[in-house]
Amino acid sequence: MPIIVKRLDARYDWIMAHWGQGSYQLVDAGDGCSPSPLVVGAVAWVSEGNCSFFTKVQSMAKSNASGVLVHALPGNPIQDMNCVGDECLSPLGIPAAMVHLEVSVAQALRFEELVNVSFQTTPSPNFFISIDQQGALAEMGWFLYPTFSFINWQAQWFDFDKDLQTKLQSPAKVFSVFDDVIMQGKEGAVATVELPLDVMDFDTLQLDASLSCPGRRDSSCAQWDHTVQLFVCCDHFSPYCNTELGRWVTAFRRGTGHWLTDVSPLIPLLDSNKCSFTMKTVPWAMPWLVSLNLRFSISNQTGNHMAKLRPFRVMSLYSGGTFDKNYNKRYQPIKFSIPISTKKVELYAVITGHGSDENGCGEFCVTSHHFLLNAVFNNTQIFDSAGSALGCATRVSEGAVPNEHGTWLYGRGGWCDGLQVNPWRIDITSQLDMSSFESNTVIYFGLYDGQDPDPAQEPGYIVMSSFLVFYK
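A few points on the structure. Quick caveat, the model's predicted, so the values are computed rather than measured. (Residues numbered from 1 in each chain as written. Predicted model: local features only at pLDDT ≥ 70, side-chain atom pairs only at ≥ 80, totals over all residues. Heavy atoms only, no water.)

Further remarks concern the packing of aromatic side chains. Under the definition given, this model contains 23 aromatic pairs. On the numbers, 6.4 Å between centres and 70 degrees between planes, the contact of Trp19 with Tyr24 is edge-to-face. Tyr24 matches Trp19 in its accessibility class, with the two residues each being buried. For the ring pair Tyr331 and Tyr444, a centre distance of 5.0 Å and an interplane angle of 85 degrees mean the geometry is edge-to-face. Here the residue Tyr331 occupies a position in the loop between strand 17 (311-322) and strand 18 (334-337), and Tyr444 occupies one in strand 24 (residues 439-448), the gap between them amounting to 113 residues. Residue Tyr331 shares its accessibility class with Tyr444, and that shared class is buried. Ring-pair connections join several aromatic residues into one group, and the members of that group are Tyr318, Phe323, Tyr327, Tyr331, Phe371, Trp424 and Tyr444. Positioned above the aromatic ring of Tyr471, the side-chain terminus of Lys344 is 4.6 Å from the ring centre. In this structure, Lys472 packs its charged tip against the face of Phe312, placed 4.8 Å from the ring centre. (Phe/Tyr/Trp six-rings, centres within 6.5 Å; stacked < 30°, edge-to-face > 60°. Buried < 20%, exposed > 50% of the residue type's maximum accessible area, 1.4 Å probe, protein only. Helix = DSSP H or I, 4+ residues; strand = E, 2+ residues; numbered from the N terminus. Lys NZ or Arg CZ within 6 Å of the ring centre and 35° of its normal.)

Another aspect to go through is the pairing of strand 18. A one-sided burial pattern is seen for strand 18, the buried positions being Ile334 and Phe336 and the unburied ones Lys335 and Ser337. With 4 bridges connecting them, strand 18 and strand 24 associate as antiparallel partners. Directly across from Lys335, in strand 24, lies its bridge partner Thr441. (Pairing = 2+ DSSP bridges.)

The subject of this paragraph is the pairing of strand 14 (residues 257-262). Burial analysis of strand 14 places 5 of its 6 residues in the buried class, the great majority of the element. As paired strands, strand 11 (residues 204-212) and strand 14 are joined by 6 bridges and run antiparallel to one another. When the bridges of strand 14 are listed, Ser210 appears paired with His258.

Further remarks concern the sheet that holds strand 18. Judged by pairing direction, the sheet is antiparallel, and its 4 strands sit side by side in the order 18-24-20-21 without closing on themselves. Each edge of the sheet is formed by a strand with only one pairing partner; in this case those strands are strand 18 and strand 21 (377-382). Strand-to-strand twist across the sheet, computed as the mean angle between neighbouring axes with direction ignored, equals 25 degrees. (Axes fitted to C-alpha atoms, helices over the stretch in contact; angles between N-to-C directions.)

Another aspect to go through is a nonpolar patch on the surface. Together, Phe127, Ile129, Ile131 and Leu137 make up a nonpolar patch on the protein surface, roughly 440 Å² of accessible area in all. Here Ile129 shows up in strand 7 (residues 129-131). Classification of Ile129 by relative accessible area gives partly exposed; the value is 47%. (Patch = residues over 30% accessible without salt bridge, like charges linked within 9 Å, V, L, I, M, F, W, Y side chains within 5 Å. Areas by Shrake-Rupley, 256 points an atom, 1.4 Å probe, with all protein chains shown as cover. Salt bridge = Lys/Arg side-chain N within 4 Å of Asp/Glu carboxyl O.)

Below, the discussion takes up the environment of Ser299. In this structure, Ser299 sits in the loop between strand 16 (288-297) and strand 17. C-alpha of Ser299 to C-alpha of Phe202: the two residues are 97 residues apart in sequence and 8.3 Å apart in space. Of the polar contacts made by the side chain of Ser299, one reaches the side chain of Asp203; its length is 2.7 Å. (Polar contact = N/O pair within 3.5 Å; in protein donor to acceptor, adjacent residues only side chain to side chain.)

Attention now moves to helix 1 (residues 53-62). Among the residues of helix 1, Phe53, Phe54, Lys56, Val57, Ser59 and Met60 are the ones counted as buried. Buried residues along helix 1 sit in contact with strand 3 (43-47), strand 4 (67-71) and strand 5 (96-99). Asn64 sits one or two positions beyond helix 1 and adopts a positive phi of about 65 degrees. (Contact = heavy atoms within 4.5 Å.)

Right, let's talk about the state of the cysteines for a bit. Working definition of a disulfide: a covalent bond connecting the sulfur atoms of two cysteines. Evaluated as defined, the whole model comprises 6 disulfides. For Cys33, the disulfide goes to Cys51, at an S-S distance of 2.1 Å. Its S-S torsion of about -95 degrees marks the bond between Cys33 and Cys51 as left-handed, since a negative value means left-handed. Here the residue Cys33 occupies a position in the loop between strand 2 (23-28) and strand 3, and Cys51 occupies one in the loop between strand 3 and helix 1, the gap between them amounting to 18 residues. For Cys51, a relative accessible area of 23% puts it in the partly exposed group. (Disulfide = S-S within 2.5 Å.)

Here's what the structure looks like:
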């Protein structure tokens, strides 16, 4: 008697094999935690528990099974079958899915009756709408698998957006750079803006940036996730012309990205009343509509004299490069003196990892980035959520656009799809000799698993802007 059950296939970005259209024999393989000679050419019927989903599928693949059906224990729900940690680096070549326990199937297999299984995929609508806090209809994006988590993430983003709108009501001197301007091609979006002569009187600069799509629907949005960078030039003869001022990553086919990024330490780059701004991504990307406002303000004073300090000079340090065995050989110590009247020095860096070697570096591997001051003080940023199953889903409340296409949920090396890249800032004043007559030294190095990177193939790369910022 035919029995039809619903299944939840293992995540396509972990197990990329697909079920064929033919019929397979189904064979009981216990819990599937160890290889079994009984499942050669068949689909293995294994129970939930006792080992990870990865171990079950790997054991059945070693047994030359055609696929794996994991059945939930009685009373348990179907789960999203996923890998954990280093498991995700091992490719598996057979399909797998999870189903509810079907008692009649289990009994037939127990009595060694012949059971055949075939797989059908019936397309279903994946278009969902919601109502935001303003009472407007809004798309909810793509639900990768059946769980209410995607609804929860969309609700979190609505909360983020409401808080953002409140922040944008705070007092500030606002200058529009782009207003729904098309960003595409080699040039990107370019604008020249006249700034006030009193820029240096402000101690706060925020980038109010948003990315939307050519059409009203998410379906008109660009595919893939690409890095977007904002460059500024206020003096074409300055070595700081076309320095990076901000960085974001596009959402994969969603057009609701809106972020507020504090780049206050870089105010000294705006040292002219007329500056050119360029915002761009890779030239082959589909078009985005970009909007950008510069928000200058003065922070609340607390009575602490340190709160009144303003940045007056920046010093460029290191950029990134190919994350291979020669990565750290490119960097040499930099000597620097402290400018007169300096009261505070800050390390400021924007670092992201991209590409994928055999270890998933630099997008999906844990890397650490070190700035060693005066051969003693090691200031370290570690991307410890890279490669984690929900690393970027946990950042929806910070503005990461939820329910994108692709693998948006996974943690990455310093970035997430549909999110700004937050600058990393460390007060290093106490680590320095603040005398203007003595020099200090700084050296940068980046590590994978505590060691110099040494990929065997297709090395990834690090994108980095780093500065020393001097305050008075």
